[in-house]
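Structural characterization, general
One letter stands for each residue in the lines below.
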Protein chains: 4
Amino acid sequence: MSTFGTHFRVHTYGESHCLSVGCIVDGVPPGMELTEADIQPQMTRRRPGQSAITTPRNEKDRVEIQSGTEFGVTLGSPIALRVMNENQRKQDYGNKTMDLYPRPSHADWTYLEKYGVKASSGGGRSSARETIGRVAAGAIAEKYLRLAHGVEIVAFTTSVGNEFLFPPTPSHPTASTNPDFLKLLDVIDRETVDKHIPVRCPDAAATKRMEDLIAEYRDRHDSIGGVVTCVIRNCPSGLGEPCFDKLEAMLAHAMLSIPATKGFEIGSGFGGCQVPGSVHNDPFIKATDSAAGRPRLTTKTNNSGGIQGGISNGAPIYFNVAFKPPATIGQAQTTVTYDEEEGVLEAKGRHDPCVVPRAVPIVEAMAALVIIDSLMAQQARQTARSLLPPLKATIPAEKTVVGNSKLQEEMTNGS
Amino acid sequence: MSTFGTHFRVHTYGESHCLSVGCIVDGVPPGMELTEADIQPQMTRRRPGQSAITTPRNEKDRVEIQSGTEFGVTLGSPIALRVMNENQRKQDYGNKTMDLYPRPSHADWTYLEKYGVKASSGGGRSSARETIGRVAAGAIAEKYLRLAHGVEIVAFTTSVGNEFLFPPTPSHPTASTNPDFLKLLDVIDRETVDKHIPVRCPDAAATKRMEDLIAEYRDRHDSIGGVVTCVIRNCPSGLGEPCFDKLEAMLAHAMLSIPATKGFEIGSGFGGCQVPGSVHNDPFIKATDSAAGRPRLTTKTNNSGGIQGGISNGAPIYFNVAFKPPATIGQAQTTVTYDEEEGVLEAKGRHDPCVVPRAVPIVEAMAALVIIDSLMAQQARQTARSLLPPLKATIPAEKTVVGNSKLQEEMTNGS
Amino acid sequence: MSTFGTHFRVHTYGESHCLSVGCIVDGVPPGMELTEADIQPQMTRRRPGQSAITTPRNEKDRVEIQSGTEFGVTLGSPIALRVMNENQRKQDYGNKTMDLYPRPSHADWTYLEKYGVKASSGGGRSSARETIGRVAAGAIAEKYLRLAHGVEIVAFTTSVGNEFLFPPTPSHPTASTNPDFLKLLDVIDRETVDKHIPVRCPDAAATKRMEDLIAEYRDRHDSIGGVVTCVIRNCPSGLGEPCFDKLEAMLAHAMLSIPATKGFEIGSGFGGCQVPGSVHNDPFIKATDSAAGRPRLTTKTNNSGGIQGGISNGAPIYFNVAFKPPATIGQAQTTVTYDEEEGVLEAKGRHDPCVVPRAVPIVEAMAALVIIDSLMAQQARQTARSLLPPLKATIPAEKTVVGNSKLQEEMTNGS
Amino acid sequence: MSTFGTHFRVHTYGESHCLSVGCIVDGVPPGMELTEADIQPQMTRRRPGQSAITTPRNEKDRVEIQSGTEFGVTLGSPIALRVMNENQRKQDYGNKTMDLYPRPSHADWTYLEKYGVKASSGGGRSSARETIGRVAAGAIAEKYLRLAHGVEIVAFTTSVGNEFLFPPTPSHPTASTNPDFLKLLDVIDRETVDKHIPVRCPDAAATKRMEDLIAEYRDRHDSIGGVVTCVIRNCPSGLGEPCFDKLEAMLAHAMLSIPATKGFEIGSGFGGCQVPGSVHNDPFIKATDSAAGRPRLTTKTNNSGGIQGGISNGAPIYFNVAFKPPATIGQAQTTVTYDEEEGVLEAKGRHDPCVVPRAVPIVEAMAALVIIDSLMAQQARQTARSLLPPLKATIPAEKTVVGNSKLQEEMTNGS
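Residues numbered from 1 in each chain as written. Chains lettered and ligands numbered in written order. Predicted model: local features only at pLDDT ≥ 70, side-chain atom pairs only at ≥ 80, totals over all residues.

In the nomenclature of an unreviewed UniProt entry, chain A is known as Chorismate synthase of Mytilinidion resinicola. In its Sequence similarities (unreviewed entry) section, the UniProt record describing chain A reads: "Belongs to the chorismate synthase family." We quote the UniProt Catalytic activity (unreviewed entry) comment for chain A here in full: "5-O-(1-carboxyvinyl)-3-phosphoshikimate = chorismate + phosphate". (UniProt positions renumbered as here; feature names shortened; annotations may be inferred.)

Let us now look at the relation of the copies chain B and chain D. Note on the copies: chain B fits chain D at an RMSD of 0.0 Å, the axial shift is 0.0 Å, and the rotation between them is 180 degrees. What the rotation and shift describe, once combined, is the action of a two-fold rotation axis. Counting the interface residues of chain B, we find that 100% of their copies in chain D are interface residues as well, pointing to one common contact surface. (Least-squares fit on C-alpha atoms with pLDDT ≥ 70 in both. Contact = placed C-beta atoms within 7 Å.)

The subject of this paragraph is the sheet that holds strand E16 (residues 317-323) of chain B. Pairing is antiparallel in the open sheet, where ten strands are placed in the order E9(A)-E8(A)-E10(A)-E16(A)-E11(A)-E11(B)-E16(B)-E10(B)-E8(B)-E9(B). The outermost strands of the open sheet, each flanked by one partner alone, are strand E9 (163-164) of chain A together with strand E9 (163-164) of chain B. Sheet analysis places strand E8 (residues 152-160) of chain A next to E9(A), joined by two bridges and oriented antiparallel. Each bridged residue has a counterpart across the sheet, and for Val160(A) the counterpart in E9(A) is Glu163(A). (Pairing = 2+ DSSP bridges. Helix = DSSP H or I, 4+ residues; strand = E, 2+ residues; numbered from the N terminus.)

Before going further, it helps to examine the sheet that holds strand E2 (residues 9-13) of chain A. Residues and elements named next belong to chain A. The five strands are arranged E1-E2-E3-E7-E4 in an open sheet whose pairing can be described as antiparallel. Edge positions in the open sheet fall to strand E1 (3-4) and strand E4 (64-65), since each of these has one partner strand only. Note: E4 against strand E7 (residues 79-84), two bridges, orientation antiparallel. Bridged to Ile65 within E7 is Leu81.

Taken together, the contacts link 36 residues of chain B with 36 residues of chain D. Within the residue set of the side of chain B that touches chain D, elements represented by two or more residues are strand E2 (9-13) and strand E3 (20-26) of chain B. Split by residue class, the side of chain B that touches chain D holds 15 nonpolar, 15 polar and six charged. (Nonpolar A, V, L, I, M, F, W, Y, C, P; charged D, E, K, R; others polar.)

A cis geometry characterises the amide bond from Ile197(A) onward to Pro198(A), with omega recorded as 10 degrees. Within the secondary structure, Pro198(A) sits in the loop between helix H5 (190-195) and helix H6 (204-219). Not every positive phi belongs to a glycine, and Ser105(A) is a case in point at roughly 60 degrees. Here Ser105(A) is to be found in the loop between E7 and helix H2 (108-115). Phi at Ala260(C) is positive, roughly 75 degrees, even though this residue is not glycine. Along the polypeptide, Ala260(C) turns up in the loop between helix H7 (247-256) and strand E11 (261-266).

Listed below in structure tokens is the structure:
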């Protein structure tokens, strides 16, 4: 199924060459102002060819709201969104040679294994156009999160090939222990990110190195991968389900569902495996920015990435997503046809040698979809609880007693 | 909700100190022989303290089937599984000081933020005992996958701290391009893994280095993380849904739902971002081991990790899971109480300085749950399709024509 | 959420005055021929005003496939369907008096209670236009069911007001014991039903009485309800889940989700409460029409309505759906405004005095959606089972022994 | 799957002869006092043999909480509930003749068609013992609904065979127009119902007639059906989803999932088809009992049954459920064996000649499960909306203008 989310549910549709692509967004809170103007900016950030051209391409990928709003206000009913395809294939055009080969590391072969039929050309459902519906839905989610909770979601490029914004070092095998990284997470915004077009790495020197590296691969008719980092600030605490639907599990699910992704790290990630527990643990401190609805405690460090036990703690949530080098390259590739005949497949034309910069708004969109779904689950629970008669204290009554005395953590954590 | 899966659905329950822990496994195919003896071995591999003791601890964590089988055969109805808790807290024992502090990097604080109440001690629902239900359910899934498709799932430790079985190198930033790694994936089995107890890294020298490193952290009252690698062999092709529920997305979801995980990589993973597309692409070759039900084509290399476009291609699926250093350490930690008073929390007793070895069967269990759920979705689709009248060819008829001529890949992939 | 189904999932959208209405149909088996021509006929049967006019209105409610097919064949990806609205309200037109009152027995008041906002006029999401997406999706489901299993679904009117096709009698408190009724179920087809336009009761005399009755209510500016009966022939056995998702429970859910419905009966229904068990029980007999895939046994009578223990037995499934009198009537009604002021609300114009005839294709569509979803669940289970090694007999080995000897049914049915 | 509900989810397990039956209840609001004593009473009301015996049978079907509470307070984690089976079949006892026949109108045959295997005796998963988990879960839901919203759910018998508490008459084809019926709905409570044991029809004369009728069928070794009516008072307004998951659709689903049910009616039901719209419409009036959280308007009549457009309006919700005559009867039945051999099947022992009285707590339980699930969905929506910035009025500003002037209802309801 092409659905995501339980309370705020997105259902996407569309292939590369059909009439239109789009989605139904269900569960949008009623009474929110919403027009196409709220959705289009992220659509435009997702568009290809943003670096090479100076003329506005805004007329492309225009989203149109079909339902669910009236006079610019959400009704609470499903919001259908549609973007026309321009490359519709109108008729059966005969059998081009390009269709003889399943393209290496594309989805041609696996789609055929799965369905027994496949779209005759282009990526079909695996086309990057499938992400249009996600970005549109994510923009709606983002608007709610911003209005209701001041949530800020910002993604940016942190590596391309072997060029890193924060390269791992022996003392910082993970950026999560690097104060510069944490400082950046606190302040980075989309405006700054977009000043570093085309790479979207918010550091002039790093972005130049990455841009040069991409150009190098482009000139070799090759491609290269990279990493997108994303931060979610002002996320309410208490989001995520304890067991299978931990918040990081939902984020991982969402991110690995983006085409071309190969990895996900929350907080300290893989590098964190090399950090001792004594350094990795995030001690609690009293929160100073105690705005309404913010938790009283926060953590001094944030190797957890804002999530503990699968549940958000109110600190910034951040994660990395690895994108592989694009599979479409200009070089000749020796491979076999659908009929098992060896041959050489060569692609012509302009290709995107690195998808990372364009992936930035897609990562933001998927993050927004995860957060809003978890938020609405938690709001249901909190509201349900708030209507119950008050309980006797369930936290020890003497909880205010000792301050600095050494206490002992019991070892019956279960196992 | 504590449920996982759509067609093969697991619902777990249980905290650290309640009467029992367990699960309901729903959607188990009827007509399969199944007794507790099929489930217990993985339960036992998950048990703590396996390295330090020689006396068998098999009597612990005995699983008992409540329903869903008769005369050792599955009925198709829900199978309830139960394991008794031994550390039940029978009554309110007053307010121990240990309850004053939310433990750093544990779930104490976030559970309280989420629920407004929390279990009075131990990890409650975040306890590692929660994974008992997963391992039990996974064992049932594994049995089916093995019987019906010959699927083999084997996990093992590949790093502890900065000790790696396959350390990244400039020429192999990812193990996916390393022939030794791929060779190991083809042959590794659980017997071999368990010969390398306690670390479960299937290489004598590496496992020794890791064991020493763990001992070092244990002696310092500290802890350390590591990586578990898992391979799934003989997985049918065509599993995974194209859009949000790509097979790697489901695996990422499953793995990040295991306590203490911080990262997930499929195939080439993060290291794959540094590999050019011309190397990273997996060309197709004719499959030689064309057993019944196996695809006609396979890939020459396997940077994809057995999944392309979110759908399994029949090649080995492999992935890495990062586990952080355990949060419970013997050192004193300066932190604050629930009441925002700074103090020092110190744990006593024996702790597990590294969870990675015990995580091995949990990773295997979650992998089995993902594969069986995707498999049943695909079986429904394939069966539905097989009952339709035959179609005219949807792949070009001339597909057998050219062999070695250079062809052109069209660039209308959509974007 | 506006979704229905797990394996074959429909997601509808659209209000009375938005840009378009439609749906996404997900999980459609790949490789089926499908064009708009397969969908339009039921859309047209659903259209209003079919009786009063002779000119074809086919140009209205044209459905357009957006995605999921290529060259007239389903790809297995989501199929988006769209029908334009013609009464879009382009701008805020000021506050008409008609908006002062929540219309009695309409959804105006409850929508406002639910959402805090409501569409400014018309039925909004509660409009009958919402059923367009259902009928379109149902047509796709029906095509598959017919092609793959020869399933036939036919609905027709059996009562209007107190005019009945099979009035309850002391000897037949339920039509399920009436041989004439069962005979009709075996042969009725849509062509015959549509010969009895406008009422769609397949009996000349009864349809005339009903038509006259409707005319009578129309002339009084009043409205009247009625009952639609639906039969599903050639439904495979084994569909339905034993516990909560019994096949009749899914049918009841589907039917009560149609606007204006007030009741559902499967098989003998409410009248069956008056029939003794000795008459009501359906004894088994050997099936004579043992086509491939049909069960070996069938039942002599069919008070069960083709479903036993929540699971289809291969006999015709039939059920009744009660439709209330339409809430929009031409008479003045004393009621209150949103502001609690008493007043008189009067509707002008032409109204539909009885929705039953137009409900016929909607009932068929929802029936098709239930059957295909259950079918795909069962196909997944059967395929999964078929791949297991054979079992020892689970039915007693001596099962072929006795013929006519009296046996005893054990009383340990559990309770 | 054996799950019910999205936000408050019940997963049941258990057959007639396995070790135990029970369920996991997930999504229970945290912080509610809960012990077995809250659950047992409805379990006991469900027990068989309540009329014929005077000795307390309370020791049977004792429910035991496995998890999810501590010190008598819910933690928000899954609550597992277990009841031991007493008729466990310990070993393969050979092939009794009773297993040769699929019992008429039981689930024996359809289970075999569905699963290819079946429990060797008793009803297996179709046993009435499956409802134990429902009743236990429903008791938890009811406690929350009562504490948080004062919801009262009361079911009672309204017909047995052709004996009715409110027989249909020409002037009242549906009880919904009968003031006596509506008055009863306002006051009936469980205490009163249980005073009319064994039939549970809250009218001395009617219950006597029904009891006699049941006795008559019992003496003939036959069985008879009947109707249970259920009322839900103080249900919050705004519950139910507009399209597929209308509140009445969820109730119909829930009720038809109870074994032996054949029909469902909400509000006026089938009889309502005979009532003109001018009588059937429920005009609005100002609510007088405007307690906090209650809607400002209510309806003068209640043919809608408390639900309009699929959404609760705050008025009493009431519905009928038809139960067929039990399939197990003492008479000899001519039928065929699994091997298609005709023969005579005869049951011995004591049977329940009418399940209606015992169904009362099951109906209440399922009603509670529907209401709490809808309530939590609505609470999520309302809370989400409440956090948005205020909107300009979406209801016309002049809404306070006219009182008694005749207004016109626009005819653009869409169709």
